[in-house]
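# Structural characterization, general
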Amino acid sequence: MKRIATLIEILFFSSFFLCAAANPTYTIEKSPSWNIKIPFEIPLKDFSKSGDATYLLVDFQENEIVHESTYHYWVRLNNEQGVQNNAQLSFSFDPSYQSLAINQITIHRGSMEISHLNRGEIELMRNEKNAEYLIYDGTYSAITILKDIRVGDILEYEYTIKGQNPIFANYIYSYISQAFGSEVLRIHQRMLVPTSAKLIMKEIQGGQKPVVSVDGKSKSLVWDIKSQAAIFNDANIPSWYDAYPACEVSSYKDWGEVKKWGRKLFPFEVEDNELNAILTERKFTKSEDGIIGVIRFVQDEIRYLGLETGIHSHQPHHPADVIKNRFGDCKDKSYLLAVLLRKLGVEAWPAYVHTSARGHVIDNAPSPFAFNHVIVKFIWDDKVYWVDPTVNQQKGNLLLVCMPDYQMALVLDEDSSSLEDIPVSQTDRAVIREDLWFIDSISDVRYEVESIYYGNLANSKRSYHLGTPLPEIRENYLNYCSGYYTGLKWTSDSALQYIDYPDQNSFKVREEYLISGFFDHSTSDTVERYAQINPYNLYEFLSYSKDKARKMPLAVKYPISIDYTINMHFPKHKEIGFKGTINEIQNNVFMFSKNTYVSNDNRIYSLNYTYHSKKDNVPVEELTSYFKDYDKLSDLCIENIKWGMATESVGGINWISLVISLLFSIVLIGIFWLIYPSDLGQQPTLKNPIDFGGWLIFPIISLCFSPLLVAYQIINTGYFGQNLWVSFLAQNTDWPGTITFLFYFELLFNVSIILSSGFLLILMFLKRASFPQLYIGFRIFVMAGIILDMVISTKVVDPDSSTMNELVRTIIGSAIWIPYFILSDRVKLTFVNTFRKPEPHTNEMTMPNEMV
C-alpha cells in the first residue's frame, strides 16, 4: 500500500515538475576545452583477485569560473558480476538550473575501441530516488543499457554537468573524495577557481591537500592519488564517523558568513492574512498553551513532504503556501513555526543541524553543505527551548518537549557567528516490568510485560502503535518474544494493550502471554527441569558487534536510561532457595547493575537491571575493555532456575476446602429444614394438583440436571485438591486475601446450587405451593452470584469468557421463566399442596380452556 501511495505521489509531482522545467533534455558533445585530458595507460596486472570491477581511473574536474564539471571514469569488468553491475549507466542532473552533455561511452576490448554513444539508446527518466522519504528534488537521469558487454572489457565514459544552483550565488564549495568502497588505481581531481577566490581547505580522515598553481585569471587545485585501496566500514559505526579520506574546499570564510547567507533565505517580516487567521481561529496566544498549540499544529497538521527542486533545495517555501498546502519539508515547517511564534511575540529562529554528524559538524569546513536539517530555537520565560517541527506525536508541556540528540546548531539569529551547543532535552527512558507466575514445573506459565516509555522513546512507540494495524503489531510482538520463550501465545484478544499519557509524554504497553513447556530437561537423562530467564527487551538498547577486531568506533545508543525488573512468583509450597545479590559494571561508556531480591514471604524472586549510557560511541582504544564488560553484562543478564521432576505436582486433598464445604452444607440443610414447613403465605386448600405438562416440563428437566452438572464441575475442576488452590493463589500474589475469598466464594456458591436444587426438587415433586416463589428466588440468587463472581474476578484475575457466556444464558433463562412462574395458570394449578392439611370442603375445580 505504501508503494502504491508513493507511486501516485511520483506521478502527481512529475507533472508538477514538468511544468516547472519544460522538456528537459541532454546533448552529445565533446569534452569541454578547459578540461585537461589525463594521459592514461592500461596497466598490466592480474585482476583475478580484485573483486567484481576495478576503477582504473576516476577523473573529476570542475570549473568554478564557468560552473561546469566533468566526470571521467575507466572501469575494468573483472567477472560476470562486474558486468551485471556496470552494464547500465545513469547520468543525473537538475534541469531547473543544470544541463547534461554526454561526452563519450567507449568499450576497450583488446586493441578495439567500440563506441556506445548512441542517442537512440539513451532515455531520459525522472529520478526521485528519495520519494520513499517524501522528498522530491526534480532531478532527471539519462539512462543507457549497454549491449554486448563482456568480462575483461574496460568501460570508459565521460559526461559534463553545466550550471550552478542560483541559491549559492558565487560561493564555491566542493567535497573531494579520495577513497571509495572499491579499489581505484588512480584518482585525479582538479578544480579551477578565480585567482581572487579565498578558499578554506579542510582535510578529513587523513585526506590530502591539493597542489595549487596560478595561471592568469584562474587558480588550479589538483589532487593526484595513485593506487588507493578499497575502504570498508565496520558494522554499527557512529553516524558521524567518516572512514573515507577527503578534502573540503569552501569559499565561506567562517560560520558567520554561512549564517549571513542563511538569514537571507528566512526573512521574518512576513505579513499574510492566512498566518494571522490561523492564530486567531486556533486562539493561540502568547502563553505556554499558545506556544504548545502552535508547535503541535506545525508538527501534526502540516505533513512532511519536500519539493526541493532548484533553489528550494535550501530556500523554504512561503509560510502561507505551506499552510495552504498543508505540507512542507524541514525548512518549510521550521520557517513556518518560527514565523508563527514571532507573531505571538516569542523570539524564535530557524537553526541548521546535521542529523548524522551532530556535534562533529564543527569538524567540517564552513558551508551550508555541513547541514542537512533545520529545527527551531525559541526563548520563552527567559529559558531556551529547541524543537524539531518534523517530529510528530509529541505530547506534554514545554518542559517535556524533546528531540533527537543533534548536539550542535547554527542558529540564524543576530548573535554570535559560531555554532551553538544543544543540551540534551530529555533522556530517553524506559521502565519495564515482567511478571512470571509458576504453578509447578509442567503447567503453563502466565507471563505479563508492562513497559513505560518516556522522551523520544515515547514518541517513537506512540507513532508505531498508533500508526500500525493491531494484528500486525501483535504478530511482531509474538515473533520477537518467541525468539526467547518458545510455546508462547496471547492469553486473549485483548492481551496487548497500550495507553497514552499525553500530559506526561509517556506511553505504556501491556502484554499478557501464556508459555507452555517453560521448564525443560537439559538432557534426556536428567530428572530436574531447567529454565532460563532473560531480559531480552534490554538488548534493544545495547550495542554490540561480532567483529571484535574492528578498526572503527562502535555506535552506542545515547542518551538511554533503562530500569528493568523481572518478578518470578512461586507457589506457597515451593522453596525457591534464592538469595539477594548485588552486581555492578561501570566504564566510560555505560553503567550497568543487576540486583536480586527475595520477598519477605519467600514467594517472589526479583531481578532488577539498570542500564545508563554515558556517551554515543566506544572509541577504538576502548573496544577491548568494552567487549569484556559487555560479556560480563551478558552473563549477568541470564538467570538459570531449576525445578524438580517433570511429573511434579502438589497433589493431596485440600482438607480446609472439604471441611468448610461440609460445615456450610450442614448449615444450609438446617436452613432448608426450617423453610420446609412454611407455605409462604399460601392458604390451605383441598384442590387437587394437575399433572406436570406444557412448558413447565423444560424448567423441571433443567432443575433435575443442575445438581449433577455442578457436582461434576466441582470434582472435575479439583476444588478439593491442593493443585487448584495453589494455581488460584498464583494468579495474583498482590491480592492474596481477595484471591482466597474468590476461591471459597466460588466453591460454596456451587455447593449451595447443588443443595438448593435438591431441596427444590423435593418441593417440586411434592407439588408444594411454596415451590414457585422459591424457584424464582433461586434463579435470582444464581444470577446475582455469577455477577458478583465476575466483579471480584476482574479486580484480581482475568475472567474467563465462559463466565460471561454463563451469565448471559442465566439472564435470558430468568427473563423467560420468572415471568412464566408468576403468570402461568398451569403453575398455579400444579403447585397447590400445602404442609398443613386444610379442613374438608367441597372440592370443585374448573380447568381453564388453555394451558400454558
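As a starting point, this report considers the structure included with it. Just so we're clear, the structure is a prediction, and the values are computed from it rather than from any experiment. (Residues numbered from 1 in each chain as written. Predicted model: local features only at pLDDT ≥ 70, side-chain atom pairs only at ≥ 80, totals over all residues. Heavy atoms only, no water.)

## Some remarks on the pattern of salt bridges
Note the cut-off: Salt bridges are defined by distance alone: a side-chain nitrogen of Lys or Arg within 4 Å of a carboxyl oxygen of Asp or Glu. Labels follow the DSSP assignment, with helices taken as runs of H or I lasting at least four residues and strands as runs of E lasting at least two, numbered in each case from the N terminus. Exposure classes here rest on a 1.4 Å probe applied to the protein chains alone. A residue is buried below 20% of its type maximum, exposed above 50%, and partly exposed in between.
With the rule as written, the count across this model stands at 25 salt bridges. Residue D413 pairs with K259 through a salt bridge whose shortest N-O separation is 2.8 Å. Of the two residues, D413 is situated in the loop between β23 (408–411) and β24 (420–421) and K259 in helix α3 (residues 255–263); the sequence distance between them amounts to 154 residues. Here the two residues D413 and K259 agree in accessibility, since each one is buried.

## Observations regarding the nonpolar core
To keep it simple, the criterion reads: Definition of nonpolar core: a set of buried residues of the types Ala, Val, Leu, Ile, Met, Phe, Trp, Tyr and Cys, connected through side-chain atoms within 4.5 Å. Contacts are assigned to residue pairs that have any heavy atoms within 4.5 Å of one another.
L341, Y352, F371, F378 and L398 are the most contacted members of the largest nonpolar core, which has 61 residues in total. Apart from the residues lying within four places of it in its own chain, the contact partners of L398 are E288, I291, I292, I295, F378, W380 and Y385.

## Here we look at helix α9 (residues 470–482)
As a reminder, the rule being used: A helix's residues, less one, multiplied by 1.5 Å, set its expected span. Note that the arc is defined by the directions from the helix axis to the C-beta atoms.
When the terminal C-alpha atoms of α9 are compared, their 18 Å separation across 13 residues agrees well with the 18 Å that a helix rising 1.5 Å per residue should span. Listed in full, the buried residues belonging to α9 are I473, R474, Y477, L478 and C481. Projected onto a plane normal to the axis of α9, the buried residues spread over an arc of 130 degrees and lie on a single side. Where α9 is buried, its residues touch α8 (456–467), β27 (488–490), β28 (496–501) and β29 (506–515).

## Overview of the sheet that holds strand β9 (residues 140–145)
To be explicit about the condition: A pair of strands is treated as paired once DSSP finds two or more bridges between them. Under this scheme, a helix contributes an axis fitted over its contacting stretch, all axes are lines through C-alpha atoms, and angles between N-to-C directions fall in the 0 to 180 degree range.
Ordered in space as β4-β9-β7, the three strands form an open sheet in which the pairing is antiparallel. Each edge of the open sheet is held by one strand with a lone partner, namely β4 (88–93) and β7 (122–126). Averaged over all neighbouring strand pairs, the angle between strand axes comes to 25 degrees, with direction disregarded. Pairing between β4 and β9: six bridges, direction antiparallel. By the bridge assignment for β9, Q88 is matched with I145.

## Here we look at the pairing of strand β33 (residues 581–586)
Relative to strand β34 (residues 590–598), β33 runs antiparallel, the two being bridged by six bridges. Along β34, the bridge assignment pairs N583 with K594. Here β33 hands over to β34 after three residues, the two strands then running antiparallel side by side.

## Remarks on the packing of helix α5 (residues 288–301) against helix α7 (residues 330–343)
Heads up, the condition is: In what follows, roughly perpendicular refers to angles from 65 to 115 degrees, roughly parallel to angles under 35, roughly antiparallel to angles over 145, and oblique to any angle outside these ranges. Each crossing is labelled by how the near helix is turned from the far one, with a counterclockwise turn of less than a right angle marking it left-handed and a clockwise turn marking it right-handed. Following the grouping adopted for this structure description, the nonpolar residues are Ala, Val, Leu, Ile, Met, Phe, Trp, Tyr, Cys and Pro, the charged ones are Asp, Glu, Lys and Arg, and the polar ones are all others, Gly among them.
One way to put it is that α5 packs onto α7 with a least axis distance of 10 Å and a crossing angle of 160 degrees. In this view, α5 runs roughly antiparallel relative to α7, as classed from their interaxial angle. Helix-helix and strand crossings are classified by hand; for α5 and α7 the assignment is right-handed. Residue-level contacts link I291, V294, I295, F297, V298 and Q299 of α5 to K333, L336, L337, L340 and L341 of α7. Here the residues of the contact of α5 with α7 sort into nine nonpolar, one polar and one charged.

## Some remarks on a negative patch on the surface
Stated precisely, the cut-off is as follows: Distance thresholds for patches are 9 Å for like charges and 5 Å for nonpolar side chains (Val, Leu, Ile, Met, Phe, Trp, Tyr), applied to residues having over 30% relative accessible area and no salt bridge. Surface exposure here means Shrake-Rupley accessible area, sampled with a 1.4 Å probe, where a residue is shielded only by the protein chains that are shown. In this tally Asp and Glu are treated as negative and Lys and Arg as positive; neither His nor the chain ends contributes. For the purpose of locating charges, the reference atoms are NZ of Lys, CZ of Arg, CG of Asp and CD of Glu.
There is a patch of like negative charges on the surface, built from E288, D289, D381 and D382. Here D382 shows up in the loop between β21 (373–380) and β22 (383–387). Given a relative accessible area of 80%, D382 falls into the exposed group.

## So, the environment of K198
Note on placement: K198 falls in the loop between β12 (184–194) and β13 (200–204). You can call K198 exposed: its relative accessible area is 73%. Residues K198 and V249, 51 residues apart in the sequence, show an inter-C-alpha distance of 10.0 Å. Excluding residues within four positions of it along the chain, K198 makes contact with S250 and S251.

## Concerning the sheet that holds β13
Taken together, three strands build an open sheet; the order of strands is β11-β16-β13 and the sheet is antiparallel. Here the strands that pair on one side only, and so sit at the sheet edges, are β11 (173–177) and β13. The average angle at which neighbouring strand axes cross in this sheet is 15 degrees, direction not considered. Of the strand pairs in this sheet, β11 and strand β16 (residues 246–250) are connected by five bridges, and their pairing is antiparallel. Its bridge partner being in β16, S174 is matched across the sheet by V249.

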